Every structure is written in C-alpha cells, then in structure tokens.
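Residue strings, one per chain:
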Amino acid sequence: MSTKSSSSPSDAGRSSAGRSSADQPVVERAPLLPTSGIVLPEMVVTIRLESDEAKVAVKAATDQHVVLVPKHPDASQSVGVLTRIEQRGALPGGGEGLVIRGIERVKIGQGSLADNGALVVEIAKAEPSDTLAGDETDQLVTRYRAGAGRLLEAVGGGRMTRLLDDVDDPSNLADTIAWWPELEDTQRVELLETLDVNDRLRLAIEWAEGAATEAEVSRDISDSVNGEFEDAQREAVLRRQLAAIQNELGEGDDDVIGEYRTQLDALKDGGVAEPVTDAIAKEIQRLERSGTQSQESSWIRTWLDTMFEIPWLDRTTDDLDLDRAREVLDADHTGLDDVKDRIVEFLAVRRLREERGLGARSANGGKSTAKGGTILALAGPPGVGKTSLGRSIASTLGREFVRMSLGGIRDEAEIRGHRRTYVGARPGRIVRALTEAGSMNPVVLLDEIDKVGADWRGDPSAALLEVLDPEQNDTFRDHYLEVELDLSDVVFIATANEIERLPAPLLDRMEIIPVRGYSEDEKVAIARDHLLPRLYEQNAVETDEVVISDDIVRTVVGDYTREAGVRALERRLDRLIRKAATRIATGDTPPIEVQPEELKDALGRPAPKEKPAERTVDPGVATGLAVTGAGGDVLFVETAIMPGEGLTLTGQLGDVMQESGTIALSYLRANAERLGIELPDDKRVHVHFPAGAVPKDGPSAGVTMTVALVSLLTGRRVKGEVAMTGEVTLQGRVLPIGGVKEKVLAAHRAGVTDVILPIANEVDTDDIPESVRDEVTIHLVSTVGEALEVALAPAA
C-alpha cells in the first residue's frame, strides 16, 4: 500500500484555520489501516488499495473515518492519525484508490474484529484541540519560522517564504517540516509520535536549520562559488552531497577519493617528505573536482596509483656481517679474489658509516644527513659472472635485487620518465625498479650500460649522470612524477663489456672493478662447484647417475670453448648431461660415465685452435695479444715487402692501429743501420691482420707490428712460443697497455709459453692466476731492442 501527497503546507494551514474545535467530529472507534507512508494531521494523501487488509478496513468505515498507522519498524503503533475518506474511485494507472484527509493525532486503545474481519480500535485524543499559547511556544514558533524561511528561500527564492504565512496553529506549523522531501521516514515517525507541541517544534527547528544549511551550500555550489569553506559543517555537508551524487550516477560503488586520502594519511604519518604529500593532496583535490568519469580523471588516477605504488615507507635493514659476506661471495663465485676484496671493502665502508651515524636518515624528509657512497661498475667479458656478482651483493646486504637491462635503450624517457602531457606516459625505469623491488633501498643492477645508445629522443647516458652521482641522486626528479626522489640509499651496480664505449662524464662517476676471464683450472673448479650441480637439477638427474670427471671438463674447456667466461662451457656440459639423460630414459642403467671418445659425437668437432708455432714458421709473422668484448684473444700480424712506395694496412683497422703501423715503419727507417736492416724508399710495405671481418683498434699492436717487420727484413722468424703486446713510440720505447690478465690468459689457452709485456705493466702481473704464471714466462721490456732479443730466433 502506498500514499501520495496532494496538498501543501498552505493547504494545511487553511484547512485548520477556518475550523473550530466544535467542528471536529467525535469518533470513539474506527477501523485501523496500516500504510507504508507516514500521514500527519491536515495532510491530504492518495492511497492505493492493494491488500485485502486495506479493502476490509475501508469497507468497515461506515462513517468514512479510518485510523492510519505507519508500517515502519521504528513506529510504536500506539499513536495514529484519524482520517476522513474524502473521495473513492479508480486510479489512472488501474486499481482502486482513496483520497483521505488527516484530522488529528489519536491514541490507539483496544481493538476488536468487525464482521468482515477488519480491526476496529478504540481511539482517544492525543493532544489538546485548542492552540497552545505561552512565551516558550511563541519563541519556538518564531525560531522555526526563521529556519524554515531560510530553507524555503534557499530552494525557491523569496516567493516561497510566504508559504507558511497562513499556518497559525503551532501544532500544524511543527508538522509542516514533514513536507521537506529529504526528511527520513524515521524522522517523520518521530514527529508523529511526539505529542508535546513544544517538543515537536524543537525537532522541526533542528531539522529545518540543518536542511537550510545544506540547501544554502547547494545554492553556493550552483552559483560557482569556489572559495574555501572554513566551516567544518559545510565541508561535511559537501562530502555527503558528493557521495549522494556519485551514487546516483553509478560512480559511488567504491569510495575512491576516500581510499586515496587514507593512503595519503599513512604517508604523512610515516614521515614522507612534505613536497611529496602536498603534490599528492593537490592531485586528489583535482580528481575530486573533475569527477571520476571525466577523461582527465583517468590520468590523475593513474598518476596517483603510481605514486602510491612507490614503497615510500619500506626499507630493508642492511646485514653488514663482513665474514658472512665473504662466505656468500666464495660460495657463489670461484676465483675473482680481487673483485671479492673490493666488494667486502665496499660493505665495510657502509658498515662504518652506519655505526658512526653518517648513513642515518633525518626525520624531516627522509634524506641522508651525509652524502656518500660508491657507484660500482663491473667491467669484463660476457659470462664471467658480473650479473651474479650483483645478485650476491644484494644477498650479502639482505636487500631486494632488481636488474635493469639497458642494452639498446635510446630514449631518455626510459630513465627519466615521460612527461604527463603525453598519451601513455609512465615513469622511468628507475622509479619502476623501486616499485618492483618494494623497497626504497634495493640493489639495482644497471646491466649492459655500455650498450646504451642515443638518437633524436635524447641521450639516456646523460640522464644516468644524475642517477649515478652520489652528490645529486638524493634529489632525482622523474619527469612523470615531478617530485624529488632520494636515491642515495640505493646501491647501483653497473655492468659493461667495454668501458671504452662509456662517455667520459659517466665513467667519471663510477668506480671500475675489472672482472676478467678465468684460467683453465678456475673454469674446471667453476664447472665442478657451480655449473654441474645446477645442470643436474635442471635435467632431472642425480649426481651419481651421470658422471663427468674433471678430465672431461678440462678437455671440454681446452678443445671446445674459446672464451673468457663460462657460458659456452655451460652449454657444452648441458649437452653432455642431456645426452646421458636420454640414454637413461631409453633404458640404459646408470651410472653413465662420459668418456673422452664420446665428446666428438656429442659436441661435434673441437673448436679450431690458433697455433702460433705453425703460423710463425716464416719470417714476417708475429703473434700479438688483444682484448675484445669477449675477453682476451691472440691475433697475428703478417707483413710483406714489394716494389712500390708507402705503407698499406689491411684487416679493418681503426685509426689508432693505422697510426701504430706508421710509427713502427718510421722507427725502422730511422734506426735501419743500428738494427742491421735495409728498407729502400722504393719498396712498399704491406701489414695485414687476418680475420678482416672483425674490426680492430688499439695501440697495443705497435710492438707486434715492429717485431714482424724486423723479422721480415732480417729473415729471422719469430719464435712460435712467443706472443707480445705493447705500444711503441718513435724513439723505440715500449709503453704500458691494459688488459694484461685477459691477454696472458688468451696466450695460455693458445699454448704460448713466453709473453712479452711492457715493463710498466709489472704491477699487473699479480692479477694473473698463479697456475698460469707457473706455465707462462713473462718477459718485461722497456725498448723495442729488448723485445727483438726475446722474440726473434737466431739467423738461419
């Protein structure tokens, strides 16, 4: 059953003002009719007769009077409204309906059933019929008229304030608040059951003044008043209105703004820097103004989600136990003692800074109170364990580890982020690394930093300058976030194959730790301790099911791999284990021991070896040493002399090697008599470096070219067991070069027993493994003459 209002407050006033108490009918019993709405005296409402209960109640109303009570859980059912049926008939939408008018509040007494089953109850007046008078009532009436006038003016202007002018009865005046459409049903029930007129006026005043405040705020919004509200009540009203509007629009399923504010409060309580929290608060206000369905709101929400994903409050505690750090490094890597020592030193310094308070974080803003720290760069050929070293450092510190591959990056925005004006903008890789790590102080490995490129989109290596500078990275600013990030607690470890390719400013900000190649013995140990256990597990076999001896590993190292690292070795061993696993799966009984004669079938033909003794049987050919991105290697210099003029150099050589060839020839012409050679001006000299498809450059081939030319001109061949490296000057001095360890290891792999090095590189020989030094004789020279004495065989 439903009720529908069809009158107004002014109608109520006129219907009571013109009727005295003598006009009120005297009714002692009437049928009880429960309704879903709340009807008050002087209301005229339409009721649809839907239930049988309603129909029998109306039928029992022989004098056209019924008592209405609300069907509401908060209603006491002891107070109702006596009403008179004004009209009865068919409703436009179908069905039967009544038009009834409320007369007065009544108290409901005992009831009995009529013949047709209707409940007829005894009723008594619930309030005096005459208008109450008194100072308190007059004051309440005046105050209510003022509050209701404010409300009517706010919703309809001055013309609506006259609606209550004709309502004189205080009781009827208090009931007019029920016409406010936003009043809750529970409030209308309370109004109905409040019999004291003064108490009812107080309720009406409270509700009218509250509704007036809300209406005035709504009017201010509609008039585009954008000033800040200092009144806390207004802000609360605004938020309730916004929530109601969003619910009506289907946007209020989840309190997005509320969730953002809760997260912001957590950041503030955690002590995040004030500029960060202020920027977040500003964007939340923008989102609140724009609404959650506008296009701009999606951009704002993406930015806010990104900001809250950053682990501003999460940090790991460093484990600076140096003994444990060394144990972890030794367990993870074989050899590389100098690298391990440097890493332990790095951790020791952090431990001292921590113990002495230099690494403490300030309370305001969370930045370090003292700048400091080192950016490490692990430089070496592929496969020597640079990436795993970075992971071991994270493990020793107890920090999260994130690897960022920089190879092929050409867009500066990959580091600094895109500006928010671009479609699809997002933060740079540094910010994404922090989010991925879930910590503000992870270990970030900048892998392949020497492979960073540059084009019209910017130079990423220039953007890395701020990231890798301990004096600047505590205020790193990402273009997308536009707030400062403190990266001073992040441990950055870069890896590179060729540090020569790095820009000088970037190289200046990093401490280079060379990670050179391994000797044969070290490779065998690495295979035994690290590679084979992992490969057994990977191929689902036990260690006692497939047996690969150290001799087999040594054969694989010597005959099937030519590398500084162990990647190719790992692939070869993996193939051997797979072959054995296949035999087990097809019925062979373990253990299966890999035999030397099986290697050719499993791995193919051995890798071709450079044999210096065979290449240098003729005069004019010398064995040199070089360092490439894959580690050390041997290279041969071939020379020839023929009619003509000048110098020809071939083999895809760079400018530096071209200059070294010219210097070597000039030195020989200037010292021909002393060296016992003849080099006529009408002869053309040709110097060739085989493997012409591979670019070559560097000054260290100078001594090799000089020795090869002297060998050609004197007819004395170069000893097959000798290899050499060094830069030559016009005065015949041999200058120091780099990559001594890699070059000597390459010579050892090639079967060379004597290596000529500049005397200034004597300190670098300590890096050469002792097992290699025992098998290779190092000749330290300072001049070309000394190199010739070691390198050239006696004249035939």
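Residues numbered from 1 in each chain as written. Predicted model: local features only at pLDDT ≥ 70, side-chain atom pairs only at ≥ 80, totals over all residues. Heavy atoms only, no water.

Looking now at helix 2 (residues 52-59). Restricting attention to buried positions, one finds in helix 2 the residues Ala54, Ala57 and Val58. Buried residues along helix 2 cover an arc of 95° about the axis, so they all sit on one side. Turned more than 90 degrees off the buried face of helix 2, the exposed positions are Asp52 and Lys59. (Buried < 20%, exposed > 50% of the residue type's maximum accessible area, 1.4 Å probe, protein only. Helix = DSSP H or I, 4+ residues; strand = E, 2+ residues; numbered from the N terminus. Arc of directions from axis to C-beta.)

On to the packing of helix 18 (residues 520-538) against helix 20 (residues 567-585). Think of two packed helices as two axes; the pair is described by the angle between the axes and how far apart they sit. One can describe the packing of helix 18 onto helix 20 by two numbers: an axis separation of 10 Å at closest approach and a directional angle of 50°. Taken together, helix 18 and helix 20 sit at an angle that is classed as oblique. Considering only the axes of helix 18 and helix 20, their crossing is right-handed. Where helix 18 abuts helix 20, its residues Lys523, Ala527, Leu531, Leu532, Arg534, Leu535, Tyr536 and Gln538 lie against Leu569, Glu570, Leu573, Asp574 and Ile577. A class-by-class count of the residues in the contact of helix 18 with helix 20 yields 8 nonpolar, 1 polar and 4 charged. (Axes fitted to C-alpha atoms, helices over the stretch in contact; angles between N-to-C directions. Parallel < 35°, antiparallel > 145°, perpendicular 65-115°, else oblique. Left-handed = near helix turned anticlockwise from the far one by under 90°. Contact = heavy atoms within 4.5 Å. Nonpolar A, V, L, I, M, F, W, Y, C, P; charged D, E, K, R; others polar.)

Side-chain alternation along strand 8 (residues 376-379) places Leu376 and Leu378 on one buried face and Ala377 and Ala379 on a second face that is also buried. Taken together, the 4 bridges between strand 8 and strand 13 (residues 491-496) define a ladder with parallel strand orientation. If you follow Leu376 over to strand 13, its bridge partner there is Ile493. One ladder, built from 4 bridges, connects strand 8 with strand 14 (residues 511-514); its direction is parallel. The partner of Ala379 across the bridge, within strand 14, is Pro514. (Pairing = 2+ DSSP bridges.)

Right, let's talk about the pattern of salt bridges for a bit. Applying the stated criterion across every chain yields a total of 42 salt bridges. Between Asp199 and Arg202 there is a salt bridge, and its shortest N-O distance comes to 2.8 Å. A residue pair is termed a helical-turn pair when its members lie 3 or 4 positions apart in one helix, as Asp199 and Arg202 do in helix 6 (residues 197-222) at 3 residues. Judged by relative accessible area, which is 36%, Arg202 ranks as partly exposed. Here Glu484 and Arg477 are joined by a salt bridge, their closest N and O atoms 3.9 Å apart. Overall, the relative accessible area of 35% leaves Glu484 in the partly exposed class. A relative accessible area of 34% places Arg477 in the partly exposed class. One connected set of salt bridges, linked through shared partners, spans Arg326, Asp330, Lys340 and Asp341. (Salt bridge = Lys/Arg side-chain N within 4 Å of Asp/Glu carboxyl O.)

Turning to the sheet that holds strand 13, a few remarks are in order. Ordered in space as 9-10-13-8-14, the 5 strands form an open sheet in which the pairing is parallel. If you trace the sheet from one side to the other, it starts and ends with strand 9 (401-405) and strand 14, each paired once. Ignoring strand direction, the axes of neighbouring strands in this sheet form an average angle of 25°. Across 5 bridges, strand 9 lies against strand 10 (residues 443-447) in parallel orientation. Considered in strand 10, the bridge of Ser405 is made with Asp447. In this fold helix 13 (residues 386-397) packs onto strand 8, strand 9, strand 10 and strand 13, with an angle of close to 175° to the strand it touches most, strand 10. Most of the contacts of helix 15 (residues 429-437) go to strand 9, to which it runs at about 150°, and overall it touches strand 9 and strand 13.

As judged from the 3 bridges shared by strand 2 (residues 29-35) and strand 7 (residues 119-125), these two strands associate in the antiparallel manner. Looking at the pairing, Pro31 lines up with Val120 of strand 7. The pairing of strand 6 (residues 96-113) with strand 7 spans 6 bridges and is antiparallel. The residue of strand 7 that forms the bridge with Ile108 is Ile123.

This brings us to the nonpolar core. Formed by 55 residues in total, the largest nonpolar core has its most connected members in Ile280, Trp312, Ile449, Leu468 and Phe492. Those elements that provide at least two residues to this core are helix 8 (256-269), helix 9 (274-290), helix 10 (295-309), strand 9, helix 15, strand 10, helix 16 (460-467) and strand 13. Leaving out residues up to four positions away in the same chain, Ile280 has contacts with Leu264, Leu267, Trp303, Leu304, Met307 and Phe308. (Core = buried A, V, L, I, M, F, W, Y, C linked by side-chain atoms within 4.5 Å.)

With that settled, the discussion passes to the environment of Val81. In this structure, Val81 sits in strand 5 (residues 79-90). Owing to a relative accessible area of 0%, Val81 belongs among the buried residues under this scheme. A sequence separation of 43 residues divides Val81 from Ile38, and the C-alpha atoms of the two residues are 9.4 Å apart. Each residue touching Val81, except ones within four places of it in the same chain, is listed here: Val39, Leu40, Pro41, Val66, Val67, Leu68, Gly102, Ile103, Glu104, Val106 and Leu192.

Mapped onto the secondary structure, Thr262 falls in helix 8. Here the side chain of Thr262 touches Gly258 through a polar contact of 2.9 Å, landing on its backbone oxygen. (Polar contact = N/O pair within 3.5 Å; in protein donor to acceptor, adjacent residues only side chain to side chain.)

Before going further, it helps to spend a moment on the packing of aromatic side chains. Taken as a whole, this structure holds 1 aromatic pair when the rule is applied. Centre to centre, the rings of Tyr260 and Phe308 are 5.8 Å apart; their planes meet at 15°, and the pair counts as stacked. With a gap of 48 residues between them, Tyr260 in helix 8 and Phe308 in helix 10 connect regions that are remote in the sequence. Across the pair, exposure class does not vary: Tyr260 and Phe308 are buried alike. Of note, Arg615 hangs over the ring of Phe636, and the distance from its end group to the ring centre comes to 4.2 Å. (Phe/Tyr/Trp six-rings, centres within 6.5 Å; stacked < 30°, edge-to-face > 60°. Lys NZ or Arg CZ within 6 Å of the ring centre and 35° of its normal.)

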